[in-house]
Each structure stands twice: as C-alpha cells, then as structure tokens.
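# Observations on the three-dimensional arrangement
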Amino acid sequence: MNSFKINVSETYKKAQKKSAVWIALFLITLFFSTILSIIIFIICVCGGIAIVIAKPMWITIILGLGLLALGGLIVYYNIKFILNIFKKTVTNGIEIFEIDQPELFKLIKETADKVGTKHPKKVFIIDDVNAYVSYSNNLQSLVFPTRKNLSIGIGLLHGISQNELKGIIAHEFGHFSQKSMTIGSHVGNATKIMEDILYSNQTLRFDVDNLGQINGIVGFISMGAVAYNKMIESILKIIHKKLEFNYLKLSREMEFHADQIATNVVGIETMSKPLLRIELYQFVYQELANFYTSLQDDKKFSTNIYQNMNQLVDFYIDDYELSLENNLAIVGINEFNQNHSLLQFEDLWSTHPEMDKRLANIASTNHHSEIDKSPKAITLLQKNNEFEEEFTFNFFFQLNLYRVNEIDNSEFIETFKSIHNKYNYPKVYNHFFSNYDLPFDRIKKADLTDKQQNIPTNELFSDENIIVAKQYLALQIDLLQLDFFSSQKKPQPFKYNNVVYNKKQDVLKVKEELEQINKEKEAEFSEYLDNIKIFFRSNLDEQKAILLEDCIKVEADLSANIQLVDEIRTHINFATKPIHEKLRIEALTVLNDQVEQLKNVTKDILQSEIAKEKITIRKVENAQYFIDEDWIFFFDSTGYNNNAFENLIENLYFVDQVSNNLLFQKKSAFLKEYEPLLNYTSKTKAS
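First things first, this report covers the structure right here in the doc. (Residues numbered from 1 in each chain as written. Predicted model: local features only at pLDDT ≥ 70, side-chain atom pairs only at ≥ 80, totals over all residues. Heavy atoms only, no water.)

### A closer look at the packing of helix α20 (residues 581-606) against helix α22 (residues 617-628)
It is at 9 Å that the axes of α20 and α22 come closest, and there the two elements cross at 145°. Helix-helix and strand crossings are classified by hand; for α20 and α22 the assignment is left-handed. Note on element contacts: α22 touches α20 through V620, A623, Q624, F626 and I627, opposite V595, L598, K599, T602, K603 and L606. For the contact of α20 with α22, the residue count by class is seven nonpolar, two polar and two charged. (Axes fitted to C-alpha atoms, helices over the stretch in contact; angles between N-to-C directions. Helix = DSSP H or I, 4+ residues; strand = E, 2+ residues; numbered from the N terminus. Left-handed = near helix turned anticlockwise from the far one by under 90°. Contact = heavy atoms within 4.5 Å. Nonpolar A, V, L, I, M, F, W, Y, C, P; charged D, E, K, R; others polar.)

Here it is as structure tokens:
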C-alpha cells in the first residue's frame, strides 16, 4: 500500500462543496419531477374518465384519450429520465484476461498495490493513444465504492516503456486512491448521468407528431407533454452547466494530484517524458487518418496501421531532429505547437491543466527516477498483432474508407513522404513560410541600392532568426487578444510576467506595455524581412523571375477569389434571413451574378495543372456538376432550395481550398530554386 499523502488544494475543496450542492439540487429536481409527473398522470386519467362518463360521445372520448396521452407521455418520459441512471456504460475495446496476458496483469496489479487502490474489475485494450478508468454502472458507482475498469490504448503501448506504463496506470488509479479525491470522480460521474438524461431523450416530439397524425386533437393536447418536458430539461440544464463547470475545476486539480501520486511511484523523469511523447503519437495517429482519407480514390489500405504509426514516428524524429533515449523519442514541450505568447490563459473548459503546469507540479515532488532501460510496453501484450489487425479493420470502417488495394510498409512510407514533400515547404527554410505569408510582390519591389543583406546566407533561416519571427507574430496575436478583452465588461483572467490580471484597467495597462515591446520587435522583424527579400531579389535569375511572376499572379487571383467567396457568403446570409420580398429579390439577383463569376473561376481551376494532380475525382465531379447546373435558390411555392445552397457552399469551400493549394505549389517551386544557396544546418532546436 502507498505511504505518501497528497495535500488537497483550497481550489479543489471549494469546487467540491459547490459540486455537492448542485448534485443535491439535481437529485431533488428529479425526485419532485417524478412525484409531479405521477400526480399529473393521475389527474389526467381521472379527468379523461370523468369527461367520458359525464357525456359519452366521440368528442369527449377523443378529449379523454388526449388527456390520457398527455399524462402517459409525461410520466413515461420522466421514468425514462430515471432509467438512464441505471444504464450501463459501454467500453469500445477488447476485454483481456490474466490467463492470456499474465505479464501485463502483473504490472497492473503491482502498480495498483503501490498506489493503494483495488485491482481493476476489467481490463480492455482500445484502439487509440490513451488510457483511462471507467465504471460499469453509473448509479452504483455514484452511491457505492465500486471497482473500476481500466482501458489501455494499443497506440499508447507502442510509444512508451514498461516503466512509463506503470506511471500512466498509477496516474489513472491515483484519481481514486485517496478518500479526499473520491468526490471528484463522483462529480464527474454525476455530470455524465445528467448528460445521458438531457441528450439521450430526443424522441418525445416524434411520438407527439405520430399521435397528431392519428388524431389532431389528441396530438394537440399531447403537446403539453413537450412543454412539461422542456420545463424540466431547462432546470436540469442550468444545474448541469453549473456542475460541469465545477467538475472541470475539480478535474484539473485531480490531474495534479494524480500526477504527484504517479511520480511517487515511478519518479519525475519516467512520469514527464511520456506525457510529452504522447503528443507526438496522438499527432501521428491523426495523420494516419488524414493520409488514408486522401487515398480514398485509389482505395488503398493497410492491414496494420500501428506499424505505419511507428514508421511515421521515425519520420518525424528525423524531420524534427529529436534525440532518442531507450529507443524512444525525447520530445520537448510544445514541440509540434510552439507557443511564444507573452500571455498565459487558463482554458476554463478543459479537463486537463496546461502541460507546463503539469510538468512543474511533477518536478515539485523532487522524487527522481532511475535510468529507464525497460523495454517498450507493447512487448507486454501477447499476440499484439491480432489486436492491431482487428483495430485496423475498425479504423477503416469508422472512416468509411474502402479496403481494396493493400499497400505494404515500404509503399506506405514512400507515398507518405511524397505527399508530405508536396504539401510542405523545403526543410531548409526551417518552417518560416509555414508561419509567415510573405507577399511575393515585395520581393520584386525590394530595393537593392540602399540596403544590403547583413545576415549570412547560411544563417538566414537559423533557429535563432526563426524565433525572432515567431515572437513577433505571437505578439500580434497577444495584442489582438487584449483588444478583444478590452471590449468586454469582465475580461477572462490571464497571466503576464507571472502576475494574474482580471480587470479591464489591467488589460489596458498590459496592452500599453506590450505595444512598447511591439515597437522594438517590429523593428527587429522588419530588418529580418529586409534581409530575406534582399536575398531572394539579389539572386533572381531568368528562371526564378518566371516563377516569381507566377507567384505574384496566383496571389492576385487568390485575393480576388477570396473577395468573391466572402461577398457570396455575405449575400447568402442576407438572402436567407426573414427580409422584405423586394430586398430578397435584389439579394438573389446579385447572388446569381456572383454565382456565374464563381462558375468561371471553378472552370479555370478544373483546367489547371493542379486539378490533374492534386484534386480527387469526386471533388472534380462535384465541381463540374456545380458548373453545369442552372441553380434556382428560391422557389415561390416552397421557399429556399436547400440543395442549391448546399452545393454553392460546398463549391465555395472547394475554390478556397484549391486556390490556396495552387499558391502553395507555385511558392514551393520558387523556394526550391534557392535551396542550393542555403546551406542551412540546424544547430539547436527552435523553442
């Protein structure tokens, strides 16, 4: 059993008390609603019988049936509210047993013993890069201390060591290991029950409509059940919103507590490293979905996407120049989403704290790890290929992708690299053009007479200079955020220089300070841009000049297309609002003219090279269908033509996406011409 104790924070204690009050209000509301529904049912039954007895005729029989339907629906759906509480939770995974997986169960049980909690009731292997605990029955777990189920993602097992798996499991068990923390899990469970009640009861209106088709009077009277149901739901939604907000506070605090418990089991390093590395594996898992979706026309598939996942991880290790330790990547904080903002915001609707706060909390334990030499966690799972192949089949099924032409691992990685290179600027530019959109007409206009490049060519896109650009761009976002906050009566709390600000005058004060910093950063960034423009302009030859003109033309076309798309969207919003008939006709007339312009733009796109190489057959067919049809957006008899508007909106997205892709291809071709001149080698990772 564990010998360590976690001190519960004041934030957690306050949220506990508030949550207990809202749970009590929820139960009281449900109780009185049930009593009231039974009373209404009895009154409706007695009233219906009394009406028929008083004057037996067809109209009184209909009224009596209407009252009976009203009372019956009210009590039936109130009982459905309660029955949802008893609903068993479903785990979308494969249950495993100790007899088949002795090594994995040994690790799980040893970890549970160290944490000081019961062994899990059931263990499941799931398909993604995650791990969590859950209950078999919501109501039972809300009232009684029940054993939990443990779910472990097979993708997770590929990305961590056995010792790191202990830490992750210890974290999950840590949520329940101490009495002071159990209220948090109960609040989370109560929130889940309320969600099931509120959002799994959508058939009442359908039942009332069916009654209305049988008899209009019965259906009309039964509408009272809809009104009653909405009244109860509106009360429960208020309670649910308050409870959910408090639960999210509790959840973030629970993550801190569970991290400390897990760190006491495995140590700081063994706990911190997988938290950061998991981000890489989750990113790659999503990349796999995007990759196979892009190959839908060719109906390509794999029999084991987890082998593909490991290939992509190796690719990104090389691409981002990550180090290895114990054959696993060492990933820095925000490695794939580098944040240079000077402001810190707490996401009030997140279940987990920010990563930097979690790492600081883990480090505060001062409980260091021994050097981790344990094998990958996937080696604990016997016959893992069988699980992987089954999950792979489900992967394609859930994405609604055809499985016709199998690709092996060699073809997979070569195809991925080819697509990746097509949609990413040359690596030598160190992601500069992915973060900043430099208008290419500025290169053409660059003045070479008065200025000269004062940054060596091989350092032009070094990590240090890229940070200059990222810091300036992040500062622009900070200033926009403060502009928004200054317009609010009560701004969202934020932290600047480790001081929390939450008042309007604070926002203005910080904004003034950032504007001063911005002047310095703007001058620094402007000088850096001048160096880039001079580099491109001074090395411009005939071939590069042709490519530059292509870029400038496509940029101008893109700007015109964006303006047209925005204008059409504005007229769609205007034309579909309740407005005077004359104004609607005028808006639709303008819209029809703009649609003709859009058709011409779409024709040009379909005749371009990018249509032959980059656009899927399905998208080409949809675009051609949009061009060929004579669209009518409004019928005098039936109103708006939803099909016409849906096709128009789909084509707007198509034009926007393809125009941006075309510009990317032109810019990429121009930038590749300069690759030989840039002998850039990364010395230190940009952070």
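Resuming the write-up.
### What to know about the pattern of salt bridges
Evaluation of the coordinates by the stated rule reveals 15 salt bridges. For D530, the salt bridge is made with K533, and the minimal N-O distance between the two is 3.6 Å. In this pair, D530 and K533 are both assigned in helix α18 (residues 504-538), three residues apart and thus about one turn of the helix distant. Neither D530 nor K533 differs from the other in exposure class; each is buried. Look at the salt bridges and you will find they share partners, linking E255, D259 and R358 into a network. (Salt bridge = Lys/Arg side-chain N within 4 Å of Asp/Glu carboxyl O. Buried < 20%, exposed > 50% of the residue type's maximum accessible area, 1.4 Å probe, protein only.)

### With respect to the packing of aromatic side chains
Here a ring pair, both rings aromatic, is described through the centre-centre distance and the interplanar angle of the planes. Scanning all chains against the criterion turns up 41 aromatic pairs. When the ring of Y429 is compared with that of F461, the centres are 5.1 Å apart and the planes differ by 75°; the resulting orientation is edge-to-face. With Y429 in the loop between α14 (409-422) and α15 (432-435) and F461 in the loop between α16 (441-445) and α17 (463-486), the pair connects residues that are 32 residues apart, well separated along the chain. With a centroid separation of 5.0 Å and an interplanar angle of 90°, the aromatic rings of F432 and F433 are classed as edge-to-face. (Phe/Tyr/Trp six-rings, centres within 6.5 Å; stacked < 30°, edge-to-face > 60°.)

### A short note on the pairing of strand β2 (residues 122-126)
Looking along a regular strand, one sees side chains alternate from face to face of the sheet. The buried fraction of β2 is high, at four of five residues. Relative to β2, strand β1 (residues 94-96) is paired through three bridges, and the arrangement is antiparallel. Counted as the bridge partner of I96 is V123 from β2. In this structure, β2 lies alongside strand β4 (residues 149-153), joined through five bridges in parallel fashion. Across the sheet, I126 pairs through a bridge with G153, a residue of β4. (Pairing = 2+ DSSP bridges.)

### Things to note about the packing of helix α10 (residues 268-294) against helix α12 (residues 355-363)
The geometry of α10 relative to α12 is characterised by a closest axis approach of 9 Å and an angle of 165° between their N-to-C directions. Overall, the two elements α10 and α12 adopt an arrangement that is roughly antiparallel. Of the two elements, α10 crosses α12, and the hand of that crossing is right-handed. Packed against α10, whose contacting residues are I268, M271, S272, L275, L276 and E279, the element α12 presents M355, R358, L359, I362 and A363 at the interface. Here the contact of α10 with α12 is composed, by residue class, of eight nonpolar, one polar and two charged. (Parallel < 35°, antiparallel > 145°, perpendicular 65-115°, else oblique.)

### Here's the deal with the nonpolar core
One finds I125, L165 and Y292 to be the most contacted residues of the largest nonpolar core, which totals 72 residues. The greatest single-element share of this core, amounting to 13 residues, is contributed by α10. Ignoring anything within four residues of it in the chain, the contact list for L165 reads L104, L107, I152, L157, I160, A377 and L380. (Core = buried A, V, L, I, M, F, W, Y, C linked by side-chain atoms within 4.5 Å.)

### A closer look at the side chain of H240
The topology assignment puts H240 in helix α9 (residues 216-266). Each residue touching H240, except ones within four places of it in the same chain, is listed here: T191, M194, E195 and L198.

### Remarks on the sheet that holds strand β10 (residues 494-496)
Ordered in space as β8-β10-β11, the three strands form an open sheet in which the pairing is antiparallel. Both edges of this open sheet fall to β8 (343-345) and β11 (499-501), since each of them pairs with a single strand only. Neighbour-to-neighbour, the strand axes of this sheet turn through a mean angle of 35°, independent of strand direction. Note: β8 against β10, three bridges, orientation antiparallel. Across the sheet, the residue bridging to Q344 is K495, located in β10.

### Remarks on the side chain of D259
Structurally, D259 is set in helix α9. The exposure class of D259 is buried, given its relative accessible area of 0%. A polar side-chain atom of D259 sits 2.8 Å from a polar atom in the side chain of R358. Apart from residues lying up to four places away in sequence, D259 is in contact with H171, M271, R358, N361 and I362. (Polar contact = N/O pair within 3.5 Å; in protein donor to acceptor, adjacent residues only side chain to side chain.)

### Quick notes on the environment of I96
Structurally, I96 is set in strand β1. In this structure the C-alpha to C-alpha distance between I96 and K122, which are 26 residues apart in sequence, comes to 7.8 Å. Look past the residues within four positions of I96 in its chain and what remains in contact with it is Q101, L104, F105, V123, I125 and F387.

### Here's the deal with unusual backbone geometry
Unlike most non-glycine residues, K299 shows phi in positive territory, near 55°. Among the secondary structure elements, K299 is positioned in the loop between α10 and β5 (300-301). Residue K299 is classed as partly exposed on the basis of its relative accessible area of 30%. Unlike most non-glycine residues, N327 shows phi in positive territory, near 65°. The residue N327 is located in the loop between β6 (323-325) and β7 (328-330) in this model.

### Topic: helix α13 (residues 384-398)
Relative to the 21 Å expected for 15 residues at 1.5 Å per residue, α13 spans 21 Å between its end C-alpha atoms, a close match to the ideal helical length. Looking at α13, one finds that the buried residues are F387, E388, F391, T392, F395 and F396. With its buried residues spanning 160° around the axis, α13 presents them on a single face. The exposed set on the far side of α13, more than 90 degrees from its buried face, consists of E386 and F397. Looking at the buried residues of α13, the elements they touch are β1, β2, α5 (154-158), α10, β5 and α11 (305-319). Positive phi appears at N400, one or two residues downstream of α13, with a value of about 60°. (Expected span 1.5 Å × (residues − 1). Arc of directions from axis to C-beta.)

Geometric values such as these leave the question of function open.
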